[in-house]
Amino acid sequence: MADVLLEITDLRVRYGAVPAVDGVSLTVRRGEVLGLVGESGSGKSTALLGALRLLPFPGRIAGGQVRLEGHDLLALDAAGMRRVWGERVGLVPQGALSALNPVLTLEASLAETFAAHPDVPAPAGVSLRERGAALLRRVGLDPANLRAFPHQLSGGMRQRAALALALALDPPLLVLDEPTTALDVVVERELLRRLVQLRDEAGFAMVFITHDLALLREFATHIGVFYAGELVEVGPVAAFADGGAHPYTRGLLAALPPGPGEDRVPVSIPGHAASAAAPPSGCRFHPRCPLATARCAAEAPIRAHRGPDHAVACHAVPSGAAR
Amino acid sequence: MTPLLTVEGLGVEFPVGNWPRRRTLRASFDVSFSVGRGEIVALVGESGSGKSTIGRVIARILPAKAGRVTLHGPGERDTDSFGPRAGEASMRWRQRVQLIFQDPAASLNPVFPVGHPVARALRLHGRADPKTVDERVAAALEAVGLHPGATFATRYPHQLSGGQRQRVSIARALATDPDLVIADEPTSMLDVSIRMDILRLFTTIRASGTRSVLLITHDLASARLVADRVVVLYAGEVMELGPARAVLDAPRHPYAQLLAAAATRSGDLRAPLPAAEGAPKVIDPGPGCPFAPRCAQATDRCRAERPALTAVSPDHAVRCHLVRPE
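Quantities reported herein were computed from a predicted structural model and do not represent experimental measurements. (Residues numbered from 1 in each chain as written. Chains lettered and ligands numbered in written order. Predicted model: local features only at pLDDT ≥ 70, side-chain atom pairs only at ≥ 80, totals over all residues. Heavy atoms only, no water.)

Engineer: Can you help me understand the overall build of chain B in this one?
Structural biologist: When helices and strands are tallied, chain B shows twelve helices and twelve strands. Scaling as 2.2 N^0.38, a compact globule of 326 residues should have a C-alpha radius of gyration of about 20 Å, and chain B matches this with 21 Å. Of the contacts made within chain B by residues no fewer than 6 positions apart, 64% connect residues no fewer than 24 positions apart. The positive charge centre, built from 41 side chains, and the negative charge centre, built from 32, are 3 Å apart in chain B. (Helix = DSSP H or I, 4+ residues; strand = E, 2+ residues; numbered from the N terminus. Rg over C-alpha atoms; globule rule 2.2 N^0.38 Å. Contact = heavy atoms within 4.5 Å. Lys, Arg positive; Asp, Glu negative; His and termini not counted. Charge placed at Lys NZ, Arg CZ, Asp CG, Glu CD.)

In structure tokens form, the structure reads like this:
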């Protein structure tokens, strides 16, 4: 399909000999917002950064395919990857402070980005400073901050500066790794509002990595749920409106404290998150699952479609649209 | 309700920067509230609101510049006016007030098995004689859900999950048989799926009827779930305080309304928030209401004159010129 931007098929990522991501398949189409959710160590960041070939040693891809706008990313040479990063995919890494060079002003950081991509034509008659100022305005920062160093900015402003860098070359895909985890609730809300506005204007697609499933139900068009290195459920946001299908997804939502007007008692999932490095037998969630049977301990479930685009890996969830 | 802790007019300042640009950061200003026996009170606010600072002053980790903190008896009563204090009085305060930190991976010493800090707290505060200390440690760990306690006591922090480590921190805090447990963001480093179990432990602590909890959090939903009363802080000042449901479900102060609106997970993300973007000004704060620069309803009076804490019902007060007493 022409509108497919990023297609990850059966991706496996290891850290040295230790498996971190096991058989993950994902598709991002133009204009979509794919939210990836999971607990720490579930492989959500590793899968995306691995697919974009951004994992530092000893992280490596052990199998699978990644296609970006039809090109095989895993076969691309270094020069090609340098053009992909920034021009085709913008990344807002986890921890905005680490995304910004501490000895460069925002203007110098932006200049570096433009200089690294000479094939992207600058708009005629527009100075570098004007280009930078326009970018900062787009993300809601005062252009006076072009002269600021990262340490002079608050957490929310740094996150916006990192976003400005990621958007500098107008990539069709933006990957945001836990962009709001360190932010206060009001600043988080302001950043999300800005992202929605930018997407309305520029039409880019997003992959948004977070551990906040409730946030994704508002923000994403599609949601993927990771557990112990596997994608256990993926589908359009509507499939998650009543809590999702996989017992882990349902457990995650039940574990959230109720908001105003809600009257339910939150319930934690028993035990603690399994590790992709030494996963339990069969279904990796079975030791914590309320629906687990002997079959779940013995046999790993394969991902089955429950509806268009909605896939679940669980023996207890029937395939097909019925429920 | 019998008060356990009263905080009156607490002020905390930190020096920032170097000469000649040395200035003062006002982390807490004129903060007063109380915690009753058997009550959970939540201090809520964003980064820089002063909530952790206030908790640390109460735990005697930080000194204050002004104000008074009093721990009420059953028999005697301890008042801390932040002067230097003899070891015995300090030990007594630390026995009565215990602190639980945000990150259990950082607050537990990695080279000791987790029974060690629990045993140490018991020994230092004379809660166990050397012969029975192992049994007491095991019982303390079992009381927070780590079964069997004797086995867990021999494990090292890296052998435990995040939730189990935080349970150890709670067992360590409870080992001194404290009156007040201060928990500073106790669940924010934990995985979402197990946070509620840890929060529920605090309601168990309250169930004793004599112990109280001061929960410091930025998560309004957690505060709403377990706290009896809530204190909303902005720029180191109390903006609103009262019963948890009243303050969080129907906030009266414009800042509390902003927090509640931002935390609502069902609204339209394109809708603007009810206040301007910005951050609290804690260095060289102006004379008026600290929230006035962002407040949509601010008047000249708000910028010039600091509002007083006004009661809107017997146990619910708001610091805002626009809120009238009922």
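So that's the structure; there's more coming.
Engineer: How should I be thinking about the sheet that holds strand β10 (residues 237-243) of chain B in this particular structure?
Structural biologist: As a general point, the strands of a sheet are linked pairwise by backbone hydrogen bonds and lie either parallel or antiparallel. All names here are of chain B. Read from one edge to the other, the open sheet built from eight strands follows the order β6-β7-β8-β3-β9-β10-β12-β11, with strand pairing classed as mixed. Lying at the two open borders of the sheet, with one neighbouring strand each, are β6 (97-100) and β11 (309-313). In this sheet, neighbouring strand axes are inclined to one another by 20° on average, regardless of whether the strands run parallel or antiparallel. Sheet topology places β10 next to strand β12 (residues 316-319); two bridges connect them, and they run antiparallel. Directly across from E240, in β12, lies its bridge partner V318. Packing against the sheet, helix α2 (residues 87-96) makes contact with β6 and β7 (180-184), and its axis sits at approximately 55° to β6. (Pairing = 2+ DSSP bridges. Axes fitted to C-alpha atoms, helices over the stretch in contact; angles between N-to-C directions.)

Engineer: Just to check I follow, could you spell out the packing of aromatic side chains for this structure?
Structural biologist: The relation between two aromatic rings is expressed through the spacing of the ring centres and the mutual angle of the planes. Considering all chains together, one arrives at seven aromatic pairs over all chains under this definition. Arranged with centres 5.2 Å apart and planes meeting at 65°, the rings of Y248 of chain A and F285 of chain A form a pair that is edge-to-face. Of the two residues, Y248 of chain A is situated in helix α9 (residues 247-254) and F285 of chain A in the loop between α9 and α10 (294-298); the sequence distance between them amounts to 37 residues. Note on F285 of chain A: relative accessible area 2%, which makes it buried. Ring geometry for Y234 of chain B versus F291 of chain B: centroids 5.2 Å apart, planes at 85°, classification edge-to-face. Of this pair, Y234 of chain B sits in strand β9 (residues 229-234) while F291 of chain B sits in the loop between α11 (254-263) and α12 (300-304); the two residues are 57 residues apart in sequence, bridging distant segments of the chain. Given a relative accessible area of 1%, F291 of chain B falls into the buried group. Clustering of aromatic rings is evident, with ring pairs tying together Y227, Y248 and F285 of chain A. We note R131 of chain A situated over the ring of F114 of chain A; from NZ or CZ to the ring centre the distance is 3.7 Å. Above the face of the F152 of chain B ring, R155 of chain B is positioned so that its terminal group lies 4.7 Å from the ring centre. (Phe/Tyr/Trp six-rings, centres within 6.5 Å; stacked < 30°, edge-to-face > 60°. Buried < 20%, exposed > 50% of the residue type's maximum accessible area, 1.4 Å probe, protein only. Lys NZ or Arg CZ within 6 Å of the ring centre and 35° of its normal.)

Engineer: I keep staring at the nonpolar core and nothing clicks. Help me out?
Structural biologist: The nonpolar side chains of soluble globular proteins are, as a tendency, buried together. If you look at the biggest cluster of nonpolar residues, it comprises 65 residues, and the most contacted ones within it are L141, F202 and V230 of chain B. Grouped together as the second largest cluster of nonpolar side chains are 60 residues, A96, L165, A220 and L252 of chain A included. (Core = buried A, V, L, I, M, F, W, Y, C linked by side-chain atoms within 4.5 Å.)

Engineer: Help me out: how do you make sense of the environment of F14 of chain B in this one?
Structural biologist: All names here are of chain B. Relative to the helices and strands, F14 is located in strand β1 (residues 3-16). Considered as a pair, F14 and D197 are 183 residues apart in the sequence and their alpha carbons are 36 Å apart. Setting aside chain neighbours within four positions, we find F14 in contact with R23, T24, L25, A27, T53 and L62.

Engineer: Is there a simple way to think about the packing of helix α4 (residues 115-124) of chain B against helix α7 (residues 162-174) of chain B in this case?
Structural biologist: Any two packed helices are characterised by how steeply their axes cross, that is the angle between the axes, and by the distance between the axes. All names here are of chain B. At a closest axis distance of 8 Å, the pairing of α4 and α7 adopts a crossing angle of 10°. Between α4 and α7, the interaxial angle falls into the category roughly parallel. Across the interface between the two elements, P117, V118 and A121 of α4 pack against V168, A171 and R172 of α7. Considering only residue class, the contact of α4 with α7 consists of five nonpolar, no polar and one charged. (Parallel < 35°, antiparallel > 145°, perpendicular 65-115°, else oblique. Nonpolar A, V, L, I, M, F, W, Y, C, P; charged D, E, K, R; others polar.)

Engineer: Teacher, can you tell me more about the pairing of strand β2 (residues 18-29) of chain A here?
Structural biologist: Regular strands have side chains that alternate between both faces of the sheet. All names here are of chain A. The pairing of strand β1 (residues 4-15) with β2 spans nine bridges and is antiparallel. Opposite R14, over in β2, you have P19 as the bridge partner. Between β1 and β2, which pair antiparallel and follow one another directly, the connecting turn spans two residues, one of which, G16, has a positive phi of 60°.

Engineer: Can you help me understand the sheet that holds strand β11 (residues 304-307) of chain A in this one?
Structural biologist: Residue and element names in this part refer to chain A. Taken together, eight strands build an open sheet; the order of strands is β6-β7-β8-β3-β9-β10-β12-β11 and the sheet is mixed. Pairing within the sheet leaves two strands with one partner each, and these edge strands are β6 (89-92) and β11. Between one strand axis and the next, the sheet turns through 20° on average, direction left out of account. As defined by bridge partners, β6 adjoins strand β7 (residues 173-177) across four bridges and the pair is classed as parallel.

Engineer: Help me understand unusual backbone geometry in this model?
Structural biologist: Glycine aside, a negative phi is what most residues show, and trans is what most peptide bonds show. Cis geometry is found at the peptide bond from F57 of chain A to P58 of chain A, where omega equals 5°. With respect to the helices and strands, the residue P58 of chain A is situated in the loop between α1 (44-51) and β4 (59-68). With an omega of -15°, the peptide bond between H147 of chain B and P148 of chain B qualifies as cis. With respect to the helices, strands and loops of the structure, P148 of chain B is situated in the loop between α5 (133-143) and α6 (149-152). Positive phi values are uncommon outside glycine, yet D309 of chain A reaches one of about 70°. Along the chain, D309 of chain A falls in the loop between β11 and β12 (310-312). In this structure, D30 of chain B takes a positive phi of about 50° despite not being glycine.

Engineer: I tried to follow the interface of chain A and chain B on my own but got confused; where do I start?
Structural biologist: Accessible area lost upon the coming together of the parts serves often as the stated size of an interface. Each partner contributes residues to the interface: chain A has 37 residues there, and chain B has 36 residues. Buried surface at the junction of chain A and chain B, summed over both partners, amounts to about 3200 Å²; 53% is from carbon and sulfur atoms. For D200 of chain A, the salt bridge identified is with R270 of chain B, shortest N-O distance 2.7 Å. Scanning the region where chain A abuts chain B turns up 13 residue pairs in polar contact (both at pLDDT 80 or more). Put simply, the parts of the chain that give the side of chain A that touches chain B at least two residues each are α7 (185-202) and α8 (213-219) of chain A. Here the side of chain A that touches chain B gets ten residues from one element, more than from any other, and that element is α7 of chain A. Among the residues forming the side of chain A that touches chain B, the class breakdown is 18 nonpolar, seven polar and twelve charged. (Buried area = accessible area lost by both parts, 1.4 Å probe. Salt bridge = Lys/Arg side-chain N within 4 Å of Asp/Glu carboxyl O. Polar contact = N/O pair within 3.5 Å; in protein donor to acceptor, adjacent residues only side chain to side chain.)

Engineer: Would you explain the layout of surface pockets in this entry?
Structural biologist: Any empty space left between the atoms is revealed when a probe the size of a water molecule rolls over them. Quantified by volume, the second largest pocket comes out at close to 990 Å³. Lining the second largest pocket are 37 residues, with S154, G155, G156 and M157 of chain A together with A279 of chain B positioned closest to its centre. Every element with two or more residues in the lining of the second largest pocket is listed here: α3 (96-99), α6 (155-167) and α7 of chain A. The leading source of residues in the lining of the second largest pocket is α6 of chain A, at six residues. (1 Å grid on protein atoms, 1.4 Å probe; cavity = no way out; pocket = protein on both sides within 12 Å on 5 of 7 lines; lining within 4 Å. Points joined across faces, edges and corners; volume = space filled by probe spheres on them.)

Engineer: Before we go on, may I ask you to explain the environment of D179 of chain B in this structure?
Structural biologist: Residues and elements named next belong to chain B. Mapped onto the secondary structure, D179 falls in the loop between α7 and β7. For D179, the contacting residues outside a window of four places in its chain are L4, R37, R96, T210, R211 and S212. A distance of 2.6 Å separates the side chain of D179 from the side chain of R96, its partner in a polar contact.

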